[in-house]
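# Chain and residue survey
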Amino acid sequence: METIETLKNNFCEIYNQFPEVTASTSGRVEFLGNHIDYNGGIVLGVAIDKHIAVALSKRSDMQMCFTHPNTKEKVYVDLDNIFKLNPKYNWVNYCIGVVKFIQKAGYKIPCGFDYLDISDLPTGAGLSSSAAIELSMCKALKELFNLDMDTLKMVKISKQAENEFMGMPCGILDQGVCGFGENNDVVTIDCLKESFSSKTLPSGWKLWVFNTCVKHSLVAGDYARLRDNSMNASKILSGSGEVKLLRHFSLDDLNQSKELLSQGEYDCAKHSIDELQRVIKAKNCIEEENAVELGKLLSQSHASSRDLLRNSCIELDYFVEKLTALENVYGARLSGGGFGGSVLAMTNANFTEKDALHLAQEYEIQFGIKPQVFRVN
Ligand code: GLA
């Protein structure tokens, strides 16, 4: 892969030697199952052909040396004393968080290392660049130090780093798809059972990403609010018994307890219960190669996120509305946490680059922001 060669050469220019190991991970797009991973739901994601790769070499001391790929600024962190740095060094924090939780899981990292990365995956686009860097870091450290970690272990450590070190209370979708995804496969994650499976999409179905290039909130704050609403709802629905996740409840259960829930809690629970049913139907549509029905489910998911979770925004709605009015588009929806980020569209093969660029131009005229548009290969 050309980027790996570039990464190796860049590494050599900075550290005067080629790296001992490199590891690359794809970003992901959320196909269906919005905000239900942490409710024990079933979610579908697709790995995309945009990557983050990291290169490492051992050092003779206990320092980790991180070089920023653009500014070439160097940051040193002591392997025996890892704490979170100022957020402007989040590009380092993602990596040292992984190191910390690898150590905490009992694996030994006997010496420091030099680090460099390379990426063609946009950040802040809802395409899981943070999960991709975490997984790449795990894979590279595994190889460099011969650590006995399988993919599930690496997925869990990456999620733990994201939750406990970065303070983002996400579910397992991003790390799971980044860890288990292959290009063009839909990865199904049963978040309750923590089981993963993959299925290749029919070749005539095309996926496109429209990155609005806007972020309307401190994602962690709004994200936590939705998660809290869901957790409160599940506690109320569980009554005096053991607390069970929303996955275990039906619409009837919810409606029986309706007056005990705040509007926000009810809406989050209703979305979660409905969304799980959409995912189950979507899996059948994929088996039966029924693109038309699948597309409807994607668009229904968007409407539910918009109206019940309220995590859409005018820029996301704009793309979804324009896209779903086109005859070659099966469906479209916001993908990931929301409040900005990207829209996923599923189209037939007659939807062209020209169509996509035309929409991008219209969006730019409307909002004065240049979006990013690409087809997922
Ligand atoms: C973010 C989180 C995921 C998931 C999605 C919403 O991407 O990291 O765990 O909750 O939002 O579905």
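Refer to the structure presented above.
So, a few notes on the structure that sits alongside this text.

Calculation rules
- Residues numbered from 1 in each chain as written.
- Predicted model: local features only at pLDDT ≥ 70, side-chain atom pairs only at ≥ 80, totals over all residues.
- Heavy atoms only, no water.
- Helix = DSSP H or I, 4+ residues; strand = E, 2+ residues; numbered from the N terminus.
- Polar contact = N/O pair within 3.5 Å; in protein donor to acceptor, adjacent residues only side chain to side chain.
- Contact = heavy atoms within 4.5 Å.
- Pairing = 2+ DSSP bridges.
- Axes fitted to C-alpha atoms, helices over the stretch in contact; angles between N-to-C directions.
- Near = heavy atom within 4 Å.
- Areas by Shrake-Rupley, 256 points an atom, 1.4 Å probe, with all protein chains shown as cover.
- Salt bridge = Lys/Arg side-chain N within 4 Å of Asp/Glu carboxyl O.
- Buried < 20%, exposed > 50% of the residue type's maximum accessible area, 1.4 Å probe, protein only.
- Expected span 1.5 Å × (residues − 1).
- Arc of directions from axis to C-beta.
- Phe/Tyr/Trp six-rings, centres within 6.5 Å; stacked < 30°, edge-to-face > 60°.
- Lys NZ or Arg CZ within 6 Å of the ring centre and 35° of its normal.

### Digging into the side chain of Ser-335
Relative to the assigned elements, Ser-335 resides in strand 9 (residues 329–335). A polar side-chain atom of Ser-335 sits 2.9 Å from the main-chain amide nitrogen of Glu-30. Discounting residues that sit within four places of it in the chain, Ser-335 has contacts with Arg-28, Val-29, Glu-30, Gly-126, Ser-342 and Leu-344.

### Here's the deal with the sheet that holds strand 8 (residues 206–215)
The antiparallel open sheet is built from four strands, whose spatial order is 9-10-8-11. What marks the edges here is a single partner per strand, and that holds for strand 9 and strand 11 (372–376). On average, each strand axis in the sheet is inclined to that of its neighbour by 20 degrees, with strand direction left out of account. Relative to strand 9, helix 9 (residues 291–309) is tilted by about 30 degrees, and along the sheet it contacts strand 9 and strand 10 (340–347).

### Focus: the site of the ligand
Neighbouring the ligand are 13 residues; Glu-30, His-35, Asp-37, Asp-174 and Tyr-223 lie closest to it. Residue Gly-171 places a main-chain N or O atom 3.0 Å away from an oxygen atom belonging to the ligand. Between the ligand and Tyr-223, the relevant distance is 2.6 Å, taken from an oxygen atom to a side-chain nitrogen or oxygen of the residue. When the ligand sits alone it has 310 Å² of accessible area, and the protein chains cover 95% of it.

### Topic: the pattern of salt bridges
As a working rule, side chains carrying opposite charge can pair if their charged atoms are close by. One pass over the full model with this rule turns up 16 salt bridges. Residue Glu-20 pairs with Lys-58 through a salt bridge whose shortest N-O separation is 3.7 Å. Here Lys-58 lies in strand 2 (residues 42–58) and Glu-20 lies in the loop between helix 1 (2–15) and strand 1 (21–32), a separation of 38 residues in the sequence. Looking at Glu-20, the relative accessible area reads 44%, which means it is partly exposed. In this structure, the salt-bridge partner of Arg-333 is Glu-30, at a minimum N-O distance of 2.6 Å. Separated by 303 residues along the polypeptide, Arg-333 in strand 9 and Glu-30 in strand 1 bring together distant segments of the chain. Relative accessible area serves as the criterion here: at 0%, Arg-333 is assigned to the buried category. Among the ionic contacts, a cluster of salt bridges with common partners joins Arg-59, Asp-61 and Asp-114.

### A few points about helix 4 (residues 151–165)
An α-helix turns once every 3.6 residues. As a result, residues three or four positions apart point the same way. Over its 15 residues, helix 4 extends 20 Å from the first C-alpha to the last, a length consistent with the 21 Å expected when each residue adds 1.5 Å. Residues Met-154, Val-155, Ile-157, Ser-158, Ala-161, Glu-162 and Phe-165 constitute the buried set of helix 4. Across the axial projection of helix 4, the buried residues extend over an arc of 165 degrees, all falling on one side. Close packing links the buried residues of helix 4 with helix 2 (90–104), helix 3 (129–145), helix 5 (173–180) and strand 7 (195–200). Gly-167, located one to two residues past helix 4, shows a positive phi value of around 80 degrees.

### So, the packing of aromatic side chains
Working definition: an aromatic ring pair is given by the centre-to-centre distance plus the angle between the planes. Counted under the stated rule, the structure contains 12 aromatic pairs. The interplanar angle of 75 degrees and the centroid separation of 5.2 Å between the aromatic rings of Trp-208 and Phe-351 together place this pair among those described as edge-to-face. Here the residue Trp-208 occupies a position in strand 8, and Phe-351 occupies one in the loop between strand 10 and helix 11 (353–367), the gap between them amounting to 143 residues. For Phe-351, a relative accessible area of 4% corresponds to the buried category. Ring geometry for Tyr-363 and Phe-367: centres 4.9 Å apart, planes at 45 degrees, overall tilted. Here Phe-367 and Tyr-363 lie together in helix 11, a separation of four residues that amounts to about one turn. A relative accessible area of 0% places Tyr-363 in the buried class. Cluster of aromatic residues (ring-pair linked, three or more members): Phe-210, Tyr-318, Phe-319, Tyr-363 and Phe-367. The ring centre of Phe-374 lies 4.6 Å from the NZ or CZ of Lys-50, which sits over that ring.

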